Each structure stands twice: as structure tokens, then as C-alpha cells.
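# Observations on chain architecture
These are the residues of each chain, in order.
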Amino acid sequence: MGITEKTKGAQPDIVMDLKNLYVSIDRTELLKHIDMRIEKEEVVALVGESGSGKTLTSKFILGILPERSVVSYDKFYKTPKTGAVFQNSFTSLNPTVKIGSQLMRLYQSHYGETDNWKRKVVPLLEKAGIQNIDKFLKKYPHESSGGERQRVAIAGALISNPDLLIADEVTTALDLRTKLEVIKLFKNIRKELGITILFITHDLSSIKDFANRVYVMYKGEIVEENTCEELFRHQTHPYAKRIIGFANSLWTRDR
Ligand SMILES: Nc1ncnc2c1ncn2[C@@H]1O[C@H](COP(=O)(O)OP(=O)(O)OP(=O)(O)O)[C@@H](O)[C@H]1O
Ligand SMILES: [Mg+2]
């Protein structure tokens, strides 16, 4: 498999542009005809049911698909500075190493030194809503809550100053209050740091009032793309009709 970044023809306000992506693994077609384009400072949501191909799409963008994948596309450009936060932040942290040491190593992997790691990392943890930071850095991952670990993962993804941040199911394992706090954090990141966000989720409530545009994925294909506002008003594909209809009925009932 060879994934090469084609930077030719990229426009300055585009952080990711993908045309006609196809991926198969072990002779099973998993992604087909994927077109996706993300402009600077947009929040783009990628929604779809479990197994529809959302994480595979993010893995392609990050260049971390399994070696045995068969991949083709007509065009692929992405900004070289891309960060990611995944579903289970616990798995991205080593349980036997204190959180501070892990963040220091992460800083070192980007900047090649450790002298200034706290100057970079502490403000990011503050921004991410971590309190008592000095004490927190001395904790092991299991001594923190799920919400705190997710905040650490988000702060960690920002160490390299990414232009594009891919967030894959970052609110899935969180309770409602923490989920709302994490979404608020992403809104701030976008506003204050001007970072473009690809927000992957199967939870439609988390993208309302947040995403500018939405791609709906179904069985490995993008079946609908629209602004968030328009999508909630009008859908074409039966799957999009089903999930938006369901979400709208829940909200109507809640009011
Ligand atoms: N490494 C892999 N090898 C083989 N098949 C894979 C691999 N990773 C994912 N798949 C398959 O690709 C399909 C899409 O998986 P993917 O993880 O992208 O789904 P998803 O939309 O992210 O689902 P979820 O909402 O549950 O996270 C699934 O059928 C899955 O079994
Ligand atoms: Mg997934």
C-alpha cells in the first residue's frame, strides 16, 4: 500500500481535500467513492452508524490504515499538521507511566527537547479544563476520571499546533454533563486557536449548534452532505431521513 500526500493544486484555505477514495481490506470493500473537503476553520461532522467506515476514513486521512489495505483515490491533499483524538482516550495513555511524563515525551516527539515542555503543555491543560495541574501531572492515568483523560488526550493532540484536529467519537463514553463540557471545549478550541475540526460521531445531538457541515456515511459511502442547518431540515437518502427524523422526534419530545 502506498499513501502519498499530493500537495499539488491545493488551495490555501483548504485543509483537506479527498476525491474518490476506495479502500478494501482482505478483499472486502470498506470505503467507496468518498469525496470530502474541509475548509479552514470549519467544523465538519462525519456521522453514520457503527461499522459504516468513519474511523477507517479518519485512519486514511492520518495515514495509519493497516498495511494490507488496498487504497486508491483520484486526489488527496491534507495539511501536514494534523492531530487526532480517538474514542477511548484510556488506550492512548500508558497505564504504568505518570500523565506528566507521557505529555513530556509527547512534547519531545514533536520538538526534540524537553526543556520547555511545561511552558507549552500547562496552558493547553488549563484550556482543556484540568484543575490543580501540578498535582494532576503526577497522577497515573487510572487515578483520573474518563472526562479528565479525554481532556488530556485533547491537550496532547494540540501540542503540535495542528491546523486540523480529527476527533473520533470523543464523547461516546462520557456522561451527558461531561459530554457537553467536552463539546464546549472543542468550540473554544475552534474559536480561540482557529483550528479546523473533523468531528466524527454517531451522536447527532453533539453536532447540532456545533458543526457547520455534515457528511452522512452509510455502508462505506457518503450518502448525504449538507450544512448542518439544512440537513436537519431536509434529507434525501433514506438512512439520513431515518437518523435525522429520529433525532428530531427526540428533541421535539424533550421540549
Ligand atoms: N483493521 C481492519 N481490518 C479489517 N476490517 C476492518 C478493520 N478496521 C475496520 N474494519 C471494518 O471496516 C468497517 C468500518 O469500520 P470503522 O471502524 O470505520 O467503522 P465506524 O463507522 O468507525 O464504526 P463505529 O461507529 O462503531 O466506530 C467495519 O465493517 C469493520 O469491521
Ligand atoms: Mg469508529
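These numbers were taken from a predicted model, which means no experiment stands behind them.

### A few points about the packing of helix H2 (residues 99-111) against helix H3 (residues 117-127)
- The geometry of H2 relative to H3 is characterised by a closest axis approach of 10 Å and an angle of 115° between their N-to-C directions. As H2 runs across H3, the sense of the crossing is right-handed. Counted together, Gly100, Leu103, Met104, Tyr107 and Tyr111 of H2 and Trp117, Lys120, Val121 and Leu125 of H3 form the full contact between these two elements.
- Residue composition of the contact of H2 with H3, by class: 7 nonpolar, 1 polar and 1 charged.

### Here we look at the site of ligand 1
- In the neighbourhood of ligand 1, 14 residues make up the surrounding shell, with Ser50, Gly51, Lys54, Thr55 and Leu56 lying closest.
- Within the backbone of Ser52, a nitrogen or oxygen atom sits 3.2 Å from an oxygen atom of ligand 1.
- A per-class count over the shell around ligand 1 returns 4 nonpolar, 6 polar and 4 charged.

### Focus: the packing of aromatic side chains
- This model, assessed by the stated rule, comprises 7 aromatic pairs.
- Between Phe60 and Phe76 the ring centres are 4.6 Å apart and the planes differ by 50°, which places this aromatic pair in the tilted class. A residue pair is termed long-range when its members are at least 10 positions apart, and Phe60 in helix H1 (residues 54-62) and Phe76 in strand E5 (residues 75-78) qualify at 16 residues. Residue Phe60 shares its accessibility class with Phe76, and that shared class is buried.
- Among the aromatic residues, those joined into a ring-pair cluster are Phe60, Tyr73 and Phe76.
- Over the ring of Phe232 we find Lys208, and its NZ or CZ is 5.4 Å from the ring centre.

Cut-offs used in this document
Residues numbered from 1 in each chain as written. Chains lettered and ligands numbered in written order. Predicted model: local features only at pLDDT ≥ 70, side-chain atom pairs only at ≥ 80, totals over all residues. Heavy atoms only, no water. Axes fitted to C-alpha atoms, helices over the stretch in contact; angles between N-to-C directions. Helix = DSSP H or I, 4+ residues; strand = E, 2+ residues; numbered from the N terminus. Left-handed = near helix turned anticlockwise from the far one by under 90°. Contact = heavy atoms within 4.5 Å. Nonpolar A, V, L, I, M, F, W, Y, C, P; charged D, E, K, R; others polar. Near = heavy atom within 4 Å. Polar contact = N/O pair within 3.5 Å; in protein donor to acceptor, adjacent residues only side chain to side chain. Phe/Tyr/Trp six-rings, centres within 6.5 Å; stacked < 30°, edge-to-face > 60°. Buried < 20%, exposed > 50% of the residue type's maximum accessible area, 1.4 Å probe, protein only. Lys NZ or Arg CZ within 6 Å of the ring centre and 35° of its normal.

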